[in-house]
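Results of the structural survey
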Amino acid sequence: MSLNEDFLKPYDFKDNEDKIYQNWEKSGFFNPDNLPGIRHTDADSRPFCVVIPPPNVTGSLHMGHALNATIQDILIRYKRMKGFKTLWIPGTDHAGIATQNVVEKNLKKEGISRHDLGREKFLEKVWEWKEKYGDIILNQLKKIGASCDWSRTRFTMDEGYAKAVSEAFLHYYKKGWIYQGDRVVNWCTRDATSLSDLELEYKEEEGKLYYIKYPLKSVYGIRNTKPDFVIVATTRPETMLGDSAVAVNPEDEKYRDLIGKNVTLPILNREIPIVEDMAVEKEFGTGAVKVTPAHDFTDAEIGERHDLPKYQVIDEKGRMTDLAGEEFEGLKVLEAREKVVEKLKELGLLEKEENYIHSVAHCYRCDTVIEPLISKQWFLKMSDLGRMAYQAVENGDVKFHPERWSKVYLDWLSKVKDWCISRQIWWGHKIPIDGSTDVLDTWFSSALWPLVTLGWPDKTKDLEVFYPTSVLSTARDIINLWVARMVFSGLEFENKKPFSDVIIHATILAKDGRRMSKSLGTGVDPMGLIEKHGADATRFGIIWQAMGGQDIKWADEHVLAGQKFSNKLWNITRFILTKVGDDFDFSKPDNISDPTSKELIEKFEKLLEQSEKQIEIYEFGQALHDIYEFVWHEFADKYIEYSKNKEDKETKQVLCYVLIKSIKLLHPFMPFVTEAIYQRLPKKDKEFLMIEEW
RNA sequence: GGGCGUUUAGCUCAGCUGGUUAGAGCGUUGCAUUCACAUUGCAAAGGUCACUGGUUCGAAUCCAGUAACGCCCACCA
């Protein structure tokens, strides 16, 4: 027979990948409604459904996305070929603060701030931006071969989503689980919004520990033999202006006699009490601590226990308030710090200062130092929800892979605090109570993702058929931020866990083990790899290195190996087509008489069985290694060489069988080249390898 | 302060429940090009499996401890 002309040169991914993807999309088979019925008797009657962790609309694909997309696509393609009704829902997240920041930054180039525009106009700009750039990342997913059902694409601020979010909020509200409270929150003075604990990034910083003398009221001017001061140590002297007590540990001998007495707060000359509290560490500093209930989390709790007044001395913009006193009002925090220290020196009340390294919270988006301050926020009670989410994993309803990540999840939930769900930004879902200008934390809407993508709160067919979904694959850093919250949302609103298995995939690091990041210049761009080596090769390179969930120190050469492997498959096919000519046989050989052939088939059968097992337990890297080893070194290097001086029908049949089965086996990993090969096989009435039986 | 992970060939990593000469990819060296493929084949070099001690007939693998590196959590002001 004559070969297609393109078979006469090496495999060219550029000639094939885009074309093939378009044909897949045109076929409609990404949509389970169009998929030919369940073809397997062993297929579970349940469909197989995955929701994509929606990437931010601001983003473009990074290596983590590429890994995660490949993992999900492997599962989806494998299950589709196994005959399951298979659905992968794509979409994007509005990513409140992140997106608002990007748009603000763009406006800044034109010299405009969001306040110049006003809320409504600014939001128009954000929507414009979203329409223009929001789909980039989805198109990049197509490039990598992701077989998502694009007709079901969702956005966390689309119409249905807004309805769902408000329904969820009101549901909690009616249950009495949502309340408003004056609380110390993590405040980003740049973004002018509160942040949750999970949105912070701690960094080790060099600071100073200041030892300040607070004059003892009761002995002031009476005796000079005993120390006249209580000395407290602090890294933030400016907050002393908001002090309402000094606290000591009740078991601390040094201060036992002083409990209940008063000291005079220097500078402001306010009289404040000395209280006892277990939260105070005897060993730290002097063992006595200043208490600033409006600007510190621990202090707020101490204040609560002792009914202390709260003096807010720092405002939402990070400037000192009138309560800080005339000479400090209006100063920035750091300016105030300097001035307070100066003043204390003047008064002779600064005992000493020490260099001190401590970790300081920063905004994870804009890197500004967090200012804990008291403000009115909305909270969601976590006691019941937290327990529900905890139990789902504890009793094995939801399983983590690798299992060890369940510990991270359980540890966090076992001491979870109420969730501050309000944010003072503009881009997001408005809190559905009249008069509130706050928006909800982005994760409030993300928590509903598996529900809303299937139609909730409406009782849709999709919800009935596909909920709960099967597997969630995601990164470790959002186990608490996102996974835990989806679990309790699912249980609360549909009475069912949102998914059974959670894959926590590897983190891809730069080759030297550092984080991949744009600013460090350590990032590798997956789109660049696809451009250079093809999507199959990129997927191969990624999965080749993804062994057992271990972190990956990225090594490019495996992508090259993947590209070579594509070409190898191509040439194996070319050889077999040339050899068997019109005798191409798609049936499985039985009663093999030739011992070499028999041995090969036995090995192959074992590989098939083993690969299936490995995919089922999410050991994709190992599966790929084994398949590669067999196809290249058993089949090509040995058997094909052996077959060269054999012309019998049996040998030819074995060649055909192993080839066709191998490209099926590899299709979930390398969908393009395998499809390209399949399309060139002499088979009547064929559609796509994508929907062939595995 | 807690928790977790890693340490095997020059580099990136496999090695499951302990069992013959410890494997792969890339790299290196030698040989082979009218033979499906040079994006190739054949062959070779290269490892006291972090360290110490223990269990065992037998340990890269199990146990205890040490060290180095990395990550996460926590209210040390």
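Everything discussed here concerns the structure shown above.
Described below are features of the structure shown in this document. (Residues numbered from 1 in each chain as written. Chains lettered and ligands numbered in written order. Predicted model: local features only at pLDDT ≥ 70, side-chain atom pairs only at ≥ 80, totals over all residues. Heavy atoms only, no water.)

Brief notes about the overall build of chain A
Rule in force here: A helix here means a DSSP run of H or I that spans at least four residues, while a strand means a run of E at least two residues long, and both kinds are numbered starting from the N terminus. Each residue gets one of three labels from its accessible area relative to the maximum for its type: buried under 20%, exposed over 50%, partly exposed in between, using a 1.4 Å probe on protein chains only. Residue contacts are counted whenever heavy atoms from the two residues lie within 4.5 Å of one another. Areas reported as accessible are Shrake-Rupley estimates using a 1.4 Å probe. Residue values count occlusion only from the protein chains shown. His residues and chain termini do not enter the charge count, which takes Lys and Arg as positive and Asp and Glu as negative. Charge coordinates come from a single atom per side chain, which is NZ of Lys, CZ of Arg, CG of Asp or CD of Glu.
Secondary structure summary: chain A contains 22 helices and 22 strands in total. Split into buried and exposed, the 694 residues of chain A put 56% on the buried side. Taking the intrachain contacts of chain A between residues at least 6 apart in sequence as the baseline, contacts between residues at least 24 apart amount to 77%. Here chain A has roughly 30,800 Å² of accessible surface; of this, 48% comes from carbon and sulfur atoms. Here chain A holds 96 positive side-chain charges and 112 negative ones, and the gap between their average locations is 2 Å.

As for the packing of aromatic side chains
Where we set the bar: Pairing of aromatic rings covers Phe, Tyr and Trp, the last counted by its six-membered ring, and requires centre-to-centre distances within 6.5 Å; plane angles under 30 degrees mean stacked, over 60 mean edge-to-face, and any other angle means tilted. Whether a charge sits over a ring depends on NZ of Lys or CZ of Arg being within 6 Å of the ring centre and within 35 degrees of the ring normal.
On inspection of all chains with the given rule, the structure shows 37 aromatic pairs. Geometrically, the ring pair formed by Phe604 and Phe630 is stacked, given 5.0 Å between the ring centres and 20° between the ring planes. Taken together, the positions of Phe604 in helix α19 (residues 595-616) and Phe630 in helix α20 (residues 620-643) put the pair 26 residues apart, joining distant regions of the chain. The side chain of Lys79 reaches across the aromatic face of Phe84, ending 4.7 Å from its centre. Above the plane of the ring of Tyr211 lies Lys352, whose end atom (NZ or CZ) is 4.4 Å from the centre.

Concerning the side chain of Thr234
Within the secondary structure layout, Thr234 lies in strand β8 (residues 229-234). Ignoring anything within four residues of it in the chain, the contact list for Thr234 reads Lys208, Leu209, Tyr210, Ile212 and Lys290.

Focus: the protein's contact with RNA strand B
This is how the line gets drawn: Put simply, a residue is near a molecule or strand once any heavy atom of it comes within 4 Å of that molecule or strand. Contacts described as polar in this section are N or O atom pairs within 3.5 Å, which, within protein, must combine one atom able to donate a hydrogen with one able to accept it, while residues neighboring in sequence count only if both atoms come from side chains.
In the region of RNA strand B, 42 residues are neighbours, and Glu281, Phe284, Thr298, Tyr356 and Trp632 sit closest. For RNA strand B, the backbone makes up 67% of the atoms found within 4 Å of the protein, where backbone means sugar plus phosphate. Measuring from a phosphate oxygen of RNA strand B, one finds a side-chain N or O atom of Tyr356 at 2.3 Å. Within the contact set of RNA strand B, a phosphate oxygen lies 3.2 Å away from a side-chain nitrogen or oxygen of Lys644.

Concerning the pairing of strand β2 (residues 86-89)
Put simply, the test is: In short, DSSP must find at least two bridges between two strands for them to pair. With the strands aimed away from the viewer, a crossover counts as right-handed if its path from the first strand over the helix to the second runs clockwise.
Residues Thr86 and Trp88 of β2 are buried on one face, and the alternating residues Leu87 and Ile89, pointing to the opposite face, are buried as well. Sheet topology note: the strand β1 (residues 48-51)/β2 ladder contains four bridges and is parallel. What sits directly across from Val51, in β2, is Ile89. Crossover handedness for the path β1 to helix α2 (residues 63-81) to β2: right-handed.

Examining helix α6 (residues 136-144)
Here is the rule: Relevant arc is that of directions from the helix axis to the C-beta atoms, nothing else.
Considered for burial, the residues of α6 that qualify are Ile137, Leu138, Gln140, Leu141 and Ile144. Here the buried residues of α6 occupy an arc of 155° about the axis, which is enough to place them on one side. Residues of α6 that are buried sit in contact with α2, β3 (91-92), α16 (526-533), α17 (535-545) and α22 (671-678).

Overview of a negative patch on the surface
The following threshold applies: Note on patches: the residues involved have over 30% relative accessible area and no salt bridge, like charges join within 9 Å, and the nonpolar side chains Val, Leu, Ile, Met, Phe, Trp and Tyr join within 5 Å. Every case where a carboxyl oxygen of Asp or Glu lies within 4 Å of a side-chain nitrogen of Lys or Arg is listed as a salt bridge.
Side chains of Glu335, Glu338, Glu342 and Glu346 sit close together on the surface and give a patch of like negative charge. Within the fold, Glu346 resides in helix α9 (residues 333-347).

Digging into the sheet that holds strand β7 (residues 200-215)
Hydrogen bonds between backbone atoms are what pair the strands of a sheet, whose relative direction is either parallel or antiparallel. Inclusion rule: The angle between two axes is taken between their N-to-C directions and runs from 0 to 180 degrees, where each axis is a line fitted to C-alpha atoms and a helix contributes only its stretch in contact.
Strand order in this open sheet of three strands is β8-β7-β13, and the pairing throughout is antiparallel. Both outer strands of the open sheet, β8 and β13 (350-363), are each paired with one neighbouring strand and no more. Here the average twist between neighbouring strands, direction ignored, is 20°. Here six bridges tie β7 to β8, and the two strands are oriented antiparallel to one another. In the sheet register, Tyr214 faces β8, and the bridge partner there is Val230. Along the sheet, α9 makes contact with β7 and β13, crossing β13 at roughly 165°.

Considering the side chain of Ser375
Positionally, Ser375 belongs in strand β14 (residues 370-380). Relative accessible area serves as the criterion here: at 10%, Ser375 is assigned to the buried category. Among the polar contacts made by the side chain of Ser375, one reaches the side chain of Gln377 at a distance of 2.9 Å.

Concerning helix α21 (residues 649-666)
In an α-helix, one turn spans 3.6 residues, which is why side chains three or four residues apart end up on the same side. Put simply, the rule is: One less than the number of residues in a helix, times 1.5 Å, gives the span that helix is expected to have.
The end-to-end C-alpha distance of α21 is 26 Å, a good match for the 26 Å that 18 residues give at a rise of 1.5 Å each. Most of α21 sits out of view: 16 of its 18 residues are buried. Its side-chain oxygen placed 3.3 Å from the backbone nitrogen of Glu650, Asp648 serves as the N-cap of α21.

Regarding the environment of Lys598
Mapped onto the elements of the fold, Lys598 is located in helix α19. Here the alpha-carbon distance between Lys598 and Glu301, two residues 297 residues apart in the chain, equals 75 Å.

Some thoughts on the pattern of salt bridges
What the rule picks out here adds up to 44 salt bridges. Notably, a salt bridge pairs Glu599 with Lys603, separated by 3.7 Å at the nearest N-O pair. Of the two residues, Glu599 and Lys603 both sit in helix α19, four residues apart, roughly one turn of that helix. Take Glu599: its relative accessible area is 44%, and that puts it in the partly exposed class. Residue class for Lys603 comes out partly exposed when judged on its relative accessible area of 34%. The salt bridge partner of Glu634 is Lys603, with a shortest N-O separation of 3.1 Å. Of the two residues, Glu634 is situated in helix α20 and Lys603 in helix α19; the sequence distance between them amounts to 31 residues. Linked through salt bridges whose partners overlap, the residues forming this network are Asp33, Asp149, Arg152 and Asp462.

What to know about the pairing of strand β10 (residues 262-265)
Two strands pair when backbone bridges link them, and β10 and strand β11 (residues 270-276) are joined in this way by four bridges, in the antiparallel orientation. For Leu265, the partnering residue across the bridge sits in β11 and is Arg270. Hairpin connection between β10 and β11: a loop of four residues separates the two successive antiparallel strands, and Ile267 in this loop has a positive phi of roughly 70°.

Remarks on the sheet that holds β11
Here four strands make up an open sheet; going across it, the order is β10-β11-β9-β12 and the pairing mixed. Of all the strands in the sheet, the pair left with one neighbour each is β10 and β12 (288-291). Averaged over neighbouring strand pairs, the angle between their axes works out to 35° when direction is ignored. Across four bridges, the pairing between strand β9 (residues 245-248) and β12 is antiparallel. Paired with Ala247 across the strands is Val289, a residue of β12.

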